[in-house]
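In case you want the letters, here they are:
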Amino acid sequence: MEWFSSGKIYNFMSKRNLFISISLIFIISSIILAFTKGFNWGIDFRGGTVVQVQFEKTAPIKDIRKLLSKKFEGVSVTNFGSAEEVIVKFPVTAKNSVTKDLGDKVSKILKPLGQFKIRRVDIIGAQVGSELRDNGIKALVFAIIGVLIYVAFRFEWKFAVASVIALFHDIIISIGFVSLFNVDVNLDVLAALLTILGYSLNDTIVVFDRIREEIVTTKERDLAKLINSAVSQTLSRTVLTSFTTFLVVLTLYMFGGEIIKPFSFTLLVGIIAGTYSSIFIASPLLIWLTFKVDDFRKQLAKKEKIKREKEQLRNQYGQGVL
C-alpha cells in the first residue's frame, strides 16, 4: 500500500496550516458546547444512590425504567454483568432523596415484575460528588504539569510546550464529544481522559524522538524537512498501533455493556484525536514556536562534551591519576 511505502517522505508540513485550522474548528466547537450545553454529570460527581438488582429471569429493563420514572427523576437503568442483573442510578434532585431505605422503596415498586433481590445500595452524597469532581480536575491538571516537566527535561522546553498543547487539543475535543452525545461524566470518563493523556503523549514522544535522531544523524537544517522525514518514518507505527487499539476499544464499546460505554466512548474519541495530534499538530507547533535546529545541535554537543569530561574525570580518578 503506497501510504506505507518504505522510505517515502510525505510533505506533511506543507499542509500544516490546514491541519491546525481543522483542529481549531473542533476545539472552538468543543469549548462552545462545554459552556452552552454543559455536561451530563453522573452520580459519581453530583451525588445520588446506586441500587443493584438481580432478577431470577431476564431483567425487563424497559418495564423497570417505566415504573421507576413515575416516582423518581432522571433514573438510569442498565444491565450489569448479565441479562438478569441491573444497576439503577438515582441522581440527587429536588424530587429524589438520598436515603438508606431507597432499596425498600425500589423493592415495592418493582414487585409486579417478578422474583428479584436487592444486591446492594450505595449512597454518594452531593458534597462527596463535588469533591470527587474537583479532585478529578486536579488530577488532570497535575498530570499535564508532570508531562510538561518530563518532556522539557528529556528534550527541550519548546518540545514540552508543543506536546502539552497537543494534549490540551486531545482532551478538549474528547470533552466536546462527551458533551455533544450526553455521555454520563463519571469516574470512568475521568479515567479515560487520563488514559488519553498517556496514550497521546506516547505517540508524540515517538515522533519527537525520531525528530531528535534526524537532527543528530543528518546535516539537514530545514526543520520542516526534518519533521516530514521523522513523521513519515513513524507513520506506519503510529497508524497501525492506533488502529489496533481503536478496534479493541470499539469492541468494548459494542459488547462491553452499558456500564463501560462512557469509558470506551471517550477513549475512542481520544484515540482518534491523539493520533491526529501526534502526526499533524505536535510537530508543526515546533515550527510555530521557532525551534532552531542549529541551537539544538549546539546544546546536544555541549551536553555530550560535559558527559565526556565527566567520564574522563571518573577514569582518571579510578586510575589514581588525580
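Residues numbered from 1 in each chain as written. Predicted model: local features only at pLDDT ≥ 70, side-chain atom pairs only at ≥ 80, totals over all residues. Heavy atoms only, no water.

K.L.:
Explain the overall build of the protein chain here, please?
P.N.:
Per the secondary structure count, the protein chain includes 11 helices and 6 strands. Taken over C-alpha atoms, the radius of gyration comes to 26 Å for the protein chain, far larger than the 20 Å a tight globule of 322 residues would show. Its C-alpha atoms give the protein chain principal-axis dimensions of roughly 85 × 55 × 35 Å. Among the 322 residues that make up the protein chain, the fraction classed as buried is 39%. Of all intrachain contacts in the protein chain linking residues separated by at least 6 positions in sequence, the fraction that spans at least 24 positions is 77%. Element-wise, carbon and sulfur atoms account for 61% of the exposed surface of the protein chain, whose accessible area totals about 17600 Å². The positive charge centre, built from 41 side chains, and the negative charge centre, built from 28, are 2 Å apart in the protein chain. (Helix = DSSP H or I, 4+ residues; strand = E, 2+ residues; numbered from the N terminus. Rg over C-alpha atoms; globule rule 2.2 N^0.38 Å. Buried < 20%, exposed > 50% of the residue type's maximum accessible area, 1.4 Å probe, protein only. Contact = heavy atoms within 4.5 Å. Areas by Shrake-Rupley, 256 points an atom, 1.4 Å probe, with all protein chains shown as cover. Lys, Arg positive; Asp, Glu negative; His and termini not counted. Charge placed at Lys NZ, Arg CZ, Asp CG, Glu CD.)

K.L.:
Just checking my understanding: could you explain unusual backbone geometry for this structure?
P.N.:
Comment: phi is negative for the bulk of residues other than glycine, and the bulk of peptide bonds are trans. Non-glycine residue asparagine 182 carries a positive phi angle of around 55°. Here asparagine 182 shows up in the loop between α6 (157-180) and β6 (184-185). Residue threonine 290 is not a glycine yet carries a positive backbone phi of 55°. By secondary structure assignment, the location of threonine 290 is in the loop between α10 (282-288) and α11 (293-318).

K.L.:
Would you take a moment to explain helix α8 (residues 223-255) for this structure?
P.N.:
Structural remark: α-helix, 3.6 residues per turn; residues separated by three or four positions point the same way. Relative to the 48 Å expected for 33 residues at 1.5 Å per residue, α8 spans 45 Å between its end C-alpha atoms, a close match to the ideal helical length. Between a side-chain oxygen at the N-terminus of α8 and the backbone nitrogen of alanine 224 the separation is 3.0 Å; the capping residue is aspartate 222. Positive phi shows up at glycine 257, right after α8, with a value of about 95°. (Expected span 1.5 Å × (residues − 1). Polar contact = N/O pair within 3.5 Å; in protein donor to acceptor, adjacent residues only side chain to side chain.)

K.L.:
Help me understand the pattern of salt bridges in this model?
P.N.:
In a structure, side chains of opposite charge can pair up when their charged atoms sit close to one another. The final tally for this structure, using the stated rule, is 5 salt bridges. Of the charged contacts, one joins aspartate 203 and arginine 237 as a salt bridge, the two residues approaching to 2.6 Å between their closest N and O atoms. One end of the pair, aspartate 203, is in helix α7 (residues 187-217); the other, arginine 237, is in helix α8, with 34 residues separating them in the sequence. By relative accessible area, which is 1% here, aspartate 203 ends up buried. Residue arginine 237 is classed as partly exposed on the basis of its relative accessible area of 30%. For arginine 221, the salt bridge is made with aspartate 294, and the minimal N-O distance between the two is 2.5 Å. In this pair, arginine 221 sits in the loop between α7 and α8 while aspartate 294 sits in helix α11, placing the two residues 73 residues apart along the sequence. Exposure remark for arginine 221: the relative accessible area of 59% places this residue in the exposed category. (Salt bridge = Lys/Arg side-chain N within 4 Å of Asp/Glu carboxyl O.)

K.L.:
Honestly, the sheet that holds strand β3 (residues 76-80) in this entry has me stumped. Any pointers?
P.N.:
Backbone-to-backbone hydrogen bonds join strands into a sheet, with any given pair of strands oriented parallel or antiparallel. Strand order in the open sheet formed by 4 strands is β3-β4-β2-β5, with antiparallel pairing between adjacent strands. Since the sheet does not close on itself, it has two edges, and those belong to β3 and β5 (116-124), each with one partner. Pairs of neighbouring strands in the sheet enclose a mean axial angle of 20°, with direction left out of account. Here β3 pairs with strand β4 (residues 82-91) via 5 bridges, running antiparallel. Among the inter-strand pairings, threonine 78 is bridged to a residue of β4, identified as isoleucine 87. Helix α3 (residues 61-69) rests against β2 (48-55), β3 and β4 of the sheet, and its axis sits at about 150° to β3. Together, β2, β4 and β5 form the strand contacts of helix α4 (residues 102-110), whose direction differs from that of β5 by roughly 140°. (Pairing = 2+ DSSP bridges. Axes fitted to C-alpha atoms, helices over the stretch in contact; angles between N-to-C directions.)

K.L.:
Please explain the packing of aromatic side chains as it appears in this structure.
P.N.:
For any pair of aromatic rings, geometry is given as the distance between the ring centres together with the angle between the planes. Under the counting rule described, the total for this entry stands at 13 aromatic pairs. When the ring of phenylalanine 177 is compared with that of phenylalanine 181, the centres are 6.2 Å apart and the planes differ by 10°; the resulting orientation is stacked. Its relative accessible area of 25% is what places phenylalanine 177 among the partly exposed residues. Take phenylalanine 181: its relative accessible area is 49%, and that puts it in the partly exposed class. (Phe/Tyr/Trp six-rings, centres within 6.5 Å; stacked < 30°, edge-to-face > 60°.)

K.L.:
Hey, could you run me through helix α1 (residues 16-36) in this one?
P.N.:
The terminal C-alpha atoms of α1 lie 30 Å apart, and with 21 residues this matches the ideal 30 Å at 1.5 Å per residue to within 8%. Lining the buried residues of α1 we find α6, α9 (261-280) and α10. Just past α1, the residue glycine 38 takes up positive phi, approximately 80°.

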